[in-house]
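Commentary on secondary and tertiary structure
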Amino acid sequence: MSSITLKGVSKIFEDGYRAVDSFSLEIPDKEFLVLVGPSGCGKSTTLRMIAGLETASEGEIYIGDRLVNNVQPKDRDIAMVFQSYALYPDKTVYKNIAFSLERRKVPKKEIESRVHEAAKILHIEHLLTRKPKALSGGQRQRVALGRAIVRNPAVFLFDEPLSNLDAKLRTQMRTEISLLHKRLGTTFIYVTHDQTEAMTMGDKIVVMDGGVVQQADTPENLYNNPENAFVASFIGSPSMNFLEGTIEKGKTSLLALIGSDAVPTKKDSPALRARQGQNIKVGVRPEDISLEGTTAPLKGTLKVQENLGSEAYIYIEYRGTLLTAKVPHISDKQSGDEITFYINGDKMHFFDVDTGVNLVRSEDPQSF
């Protein structure tokens, strides 16, 4: 079993800084888990505690049924892939991949078999005699993956492994790592600051901020049902738009009031109704703003348009806020013109101004 359990795990540095605060999570065997969040949120520190490269100040870490808090990294049955590749520049690709097996005195024939199998999986058999300086960034990352694969670990740990690659290679390597996970059938824990990587790769995603888990959920639930405004703003590209507003009861549904504009919504919950007449934060995804509609037309000023070919981003100034709309094509309006747009009220999100808590999800997660 290569499941991992963290129970109240914290990391407190000598100066009192709490980099990770009471992290608790069960990671099932064979799951692809992604830790995501802004720089300094504690995701890499959490990964390093699982690896044994950092000592947990509080809490317990289990790999399978074994408590590993005091177990050395080499004895935890894990393999780690770093952002920097960490290859030996004077050794060939073959020797880099074989190094850990040679140190453990694995028989030569078995080493040869494992190295060639890993190289075959990663399509680098033709590179085995080269040294790292003769490789591209993507090839070096494959070598780093090969060095992890040959160990047959219970758990693979990835610390922002694609950060040094260009956009095209990152996309390609994302696919290859996902396929590798399916082929090896073991537990992967992957750290990234890139929410696109997280959303496309993870079975489950943990969003962190300030050392605290904000939400641990499937990609779909994080996007459609965020627990708070931070998760809502961090997950999604372009980011969610936020407006100040209030909620009022209409004839057939609740109304989101933004200034003097009223947008009907089917969203409802006791927590939301309790805020009637009070200031709330209204969240709208860019794809839920359109230039065509039948109800609640809104007026704004067109600022900028970006034509991406298959779609366009339109930036609209509305009541002092710059909104991003993701639409099928650019408008025939010019910068500075008044523009009419529509918000899909049924896809709105509503958050408490002070706590950021999702006022619908907090009491009725199934209402979405």
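Description of the structure in this document. (Residues numbered from 1 in each chain as written. Predicted model: local features only at pLDDT ≥ 70, side-chain atom pairs only at ≥ 80, totals over all residues. Heavy atoms only, no water.)

1. What to know about the overall build of the chain
Looking only at helices and strands, one finds nine helices and 20 strands in the chain. C-alpha extents for the chain along the principal axes are approximately 75 × 45 × 35 Å. Taken over 368 residues, the chain has a buried fraction of 49%. Across the chain, every contact between residues at least 6 apart in sequence was considered, and the portion connecting residues at least 24 apart equals 67%. In the chain, the 46 positive side-chain charges and the 47 negative ones have mean positions that sit 8 Å from each other. (Helix = DSSP H or I, 4+ residues; strand = E, 2+ residues; numbered from the N terminus. Buried < 20%, exposed > 50% of the residue type's maximum accessible area, 1.4 Å probe, protein only. Contact = heavy atoms within 4.5 Å. Lys, Arg positive; Asp, Glu negative; His and termini not counted. Charge placed at Lys NZ, Arg CZ, Asp CG, Glu CD.)

2. Describing the sheet that holds strand β13 (residues 261-265)
The five strands are arranged β13-β12-β11-β14-β20 in an open sheet whose pairing can be described as antiparallel. Lying at the two open borders of the sheet, with one neighbouring strand each, are β13 and β20 (349-352). The average undirected angle you get between the axes of adjacent strands in this sheet is 45°. Where strand β14 (residues 280-284) and β20 come together, four bridges link them in antiparallel fashion. Bridge pairing links V282 to F350 in β20. (Pairing = 2+ DSSP bridges. Axes fitted to C-alpha atoms, helices over the stretch in contact; angles between N-to-C directions.)

3. Quick notes on the packing of aromatic side chains
Ring pairs (aromatic) are described by centroid distance and by the angle formed between their planes. In the structure shown here, the tally under the stated rule is 10 aromatic pairs. Pairing F32 with Y190 gives two aromatic rings, centres 6.0 Å apart and planes at 45°, and the pair type is tilted. Taken together, the residues span a long stretch of sequence, with F32 in strand β3 (residues 32-36) and Y190 in strand β8 (residues 187-192) at a distance of 158 residues. By the burial criterion, F32 is buried, and Y190 matches it. Between F158 and Y190, the ring centres sit 5.7 Å apart and the planes meet at 35°, which makes this aromatic pair tilted. You can see F158 sitting in strand β7 (residues 155-159) and its partner Y190 sitting in strand β8, a full 32 residues away along the chain. Neither F158 nor Y190 differs from the other in exposure class; each is buried. Joined through ring pairs, the aromatic side chains of F32, F156, F158, F188 and Y190 make up one cluster. Here the guanidinium or amino end of K91 rests over the ring plane of Y88, the centre of that ring lying 5.9 Å away. Over the ring of F242 we find K281, and its NZ or CZ is 5.3 Å from the ring centre. (Phe/Tyr/Trp six-rings, centres within 6.5 Å; stacked < 30°, edge-to-face > 60°. Lys NZ or Arg CZ within 6 Å of the ring centre and 35° of its normal.)

4. What about the environment of P238?
For P238, the position within the fold is in the loop between α8 (229-234) and β11 (241-249). Look at P238 and you get buried, because its relative accessible area is 17%. In this structure, the C-alpha to C-alpha distance between P238 and T324, residues 86 residues apart in sequence, is 7.5 Å. Beyond its immediate stretch of four places on either side in the chain, P238 contacts P286, Y313, T324 and K326.

5. Some thoughts on the nonpolar core
Grouped together as the largest cluster of nonpolar side chains are 46 residues, with contacts concentrated most on I97, L145, F158, I177 and Y190. In terms of residues, this core owes the most to one element, helix α3 (residues 108-122), which gives six residues. If we ignore the near neighbours within four places in the chain, the residues touching I97 are V115, I124, L128, V143, G146, R147 and V150. If you look at the next biggest cluster of nonpolar residues, it comprises 29 residues, including A271, Y318, A325 and I343. (Core = buried A, V, L, I, M, F, W, Y, C linked by side-chain atoms within 4.5 Å.)

6. A short note on helix α4 (residues 137-149)
An α-helix turns once every 3.6 residues. As a result, residues three or four positions apart point the same way. Between the first and last C-alpha of α4 there are 18 Å, a value that for 13 residues agrees with the 18 Å anticipated at 1.5 Å per step. Among the 13 residues of α4, 11 are classified as buried, and the element is accordingly described as predominantly covered. The set of residues buried in α4 consists of G138, Q139, Q141, R142, V143, A144, L145, G146, R147, A148 and I149. Where α4 is buried, its residues contact β6 (78-81), α2 (93-103), α3, β7 and α5 (167-184). (Expected span 1.5 Å × (residues − 1).)

7. Details of the layout of surface pockets
By volume, the largest pocket amounts to about 660 Å³. Lining of the largest pocket is provided by 18 residues; of these, F82, Y88, S100, R103 and R151 occupy positions nearest its centre. Secondary structure elements with two or more residues in the lining of the largest pocket: β6, α2 and α4. Considered class by class, the residues forming the lining of the largest pocket number 12 nonpolar, one polar and five charged. (1 Å grid on protein atoms, 1.4 Å probe; cavity = no way out; pocket = protein on both sides within 12 Å on 5 of 7 lines; lining within 4 Å. Points joined across faces, edges and corners; volume = space filled by probe spheres on them. Nonpolar A, V, L, I, M, F, W, Y, C, P; charged D, E, K, R; others polar.)

8. Some remarks on the pattern of salt bridges
Scanning the entire structure with this criterion turns up 13 salt bridges. Where D21 meets R18, a salt bridge forms, and the shortest distance between an N and an O atom there is 3.3 Å. Of the residues examined, R18 reaches a relative accessible area of 31% and is grouped as partly exposed. Where K95 meets E102, a salt bridge forms, and the shortest distance between an N and an O atom there is 3.2 Å. Because the salt bridges share partners, they merge into one network encompassing K11, R48 and E54. (Salt bridge = Lys/Arg side-chain N within 4 Å of Asp/Glu carboxyl O.)

9. Observations concerning the environment of T171
Mapped onto the elements, T171 comes out in helix α5. Distance from T171 to D337, taken between C-alpha atoms, is 38 Å for residues 166 residues apart in sequence.

10. Here we look at unusual backbone geometry
A negative phi angle characterises most non-glycine residues, just as the trans form characterises most peptide bonds. P238 follows S237 through a cis peptide bond whose omega is -5°. With a phi close to 50°, N152 is a non-glycine residue in the positive phi region. Within the element layout of this structure, N152 appears in the loop between α4 and β7. One non-glycine residue, R319, lies in positive phi territory at about 50°. Relative to the elements of secondary structure, R319 occurs in the loop between β17 (312-318) and β18 (321-327).

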